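# Reading the structure
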Amino acid sequence: MPIGSLMTEFTLAVAATVIAATLAGVYFTSLNQVADLQKLQVLGLKEQLYYRCDIIYAHSSEGSMTIKLWVKNTGFKDIPRELIEKSEIIILSRDKVYYLLYGNSGNSWSYRLLNDSDGDSRWDPSETIEVEVHLGKTLTSGDYYLKFILFNGVKSEYSLSV
């Protein structure tokens, strides 16, 4: 076999080895990125399980400027006051949308902890808060769709007829 043919085969073998090593490196890098994304998704799901709530009842009457909600912590972790106050409320009616943040002015909401069993002023699992929604407009008769959204995006929904 001529020496030129051996050199060509050797060069092709080295090139094939380099290409295979490069492809393997790219494959394993991509595999690590997918694993990292899965870890982030699991952490996000974990947070959504830790912090959950349910609106258990809501009440208002025609002509009122307030709506009361009773919201239970159905998650696995207690929620400190600072995070409760980062929650949002959205109210939809057939002709108006209210977007409300925590506060004590018109178009806002406030709350009080009803059954603080351990006296730590934190919203512990299975404890309930009473939320008072203050609207700048009186309610008319009709159907309202209420949404309480925690700081992490977890939401609870409730339909109210006035």
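Definitions and cut-offs
- Residues numbered from 1 in each chain as written.
- Predicted model: local features only at pLDDT ≥ 70, side-chain atom pairs only at ≥ 80, totals over all residues.
- Heavy atoms only, no water.
- Helix = DSSP H or I, 4+ residues; strand = E, 2+ residues; numbered from the N terminus.
- Rg over C-alpha atoms; globule rule 2.2 N^0.38 Å.
- Buried < 20%, exposed > 50% of the residue type's maximum accessible area, 1.4 Å probe, protein only.
- Contact = heavy atoms within 4.5 Å.
- Lys, Arg positive; Asp, Glu negative; His and termini not counted.
- Charge placed at Lys NZ, Arg CZ, Asp CG, Glu CD.
- Pairing = 2+ DSSP bridges.
- Axes fitted to C-alpha atoms, helices over the stretch in contact; angles between N-to-C directions.
- Phe/Tyr/Trp six-rings, centres within 6.5 Å; stacked < 30°, edge-to-face > 60°.
- Domains from an automatic or database assignment.

### Remarks on the overall build of the chain
If you tally the helices and strands in the chain, you get 2 helices and 8 strands. Ordered by position in the sequence, the α and β elements of the chain form the string α-β-β-α-β-β-β-β-β-β. At 29 Å, the chain has a C-alpha radius of gyration far larger than the 15 Å of a compact globule built from 162 residues. Overall, the chain is about 100 × 45 × 25 Å in size when its C-alpha atoms are taken along their principal axes. Looking at the chain as a whole, 28% of its 162 residues qualify as buried. Considering only contacts in the chain between residues 6 or more positions apart, those separated by 24 or more positions represent 59%. Averaging the coordinates of the 15 positive side-chain charges in the chain and doing the same for the 19 negative ones gives two points 3 Å apart.

### So, the sheet that holds strand E4 (residues 97-102)
As summarised here, the arrangement of the 8 strands in space is E1-E2-E6-E5-E4-E3-E7-E8, forming an open sheet in which the pairing is mixed. Lying at the two open borders of the sheet, with one neighbouring strand each, are strand E1 (53-59) and strand E8 (155-161). Taken pair by pair, the neighbouring strands of this sheet meet at an average axis angle of 25°, ignoring direction. The pairing of strand E2 (residues 66-73) with strand E6 (residues 128-134) spans 7 bridges and is antiparallel. Paired with threonine 66 across the two strands is histidine 134, which belongs to E6.

### A short note on the packing of aromatic side chains
Counted according to the given criterion, the structure contains 6 aromatic pairs. Between the aromatic rings of tyrosine 51 and phenylalanine 151, the centroid separation amounts to 5.1 Å while the plane-to-plane angle is 70°, which identifies the pairing as edge-to-face. Here tyrosine 51, found in the loop between helix H1 (3-50) and E1, pairs with phenylalanine 151, found in the loop between strand E7 (143-149) and E8; they are 100 residues apart in sequence, far enough to count as distant. Take tyrosine 51: its relative accessible area is 14%, and that puts it in the buried class.

### Considering the environment of serine 30
Its place among the elements puts serine 30 in helix H1. Put simply, serine 30 and alanine 15 are 15 residues apart on the chain and 23 Å apart in space, counted from C-alpha to C-alpha.

### Structural notes on the domain arrangement of the chain
Annotation of the chain at the domain level lists domain 1 (1-50) and domain 2 (53-161). Placing the centre of domain 1 and that of domain 2 at their C-alpha centroids yields a distance of 51 Å.

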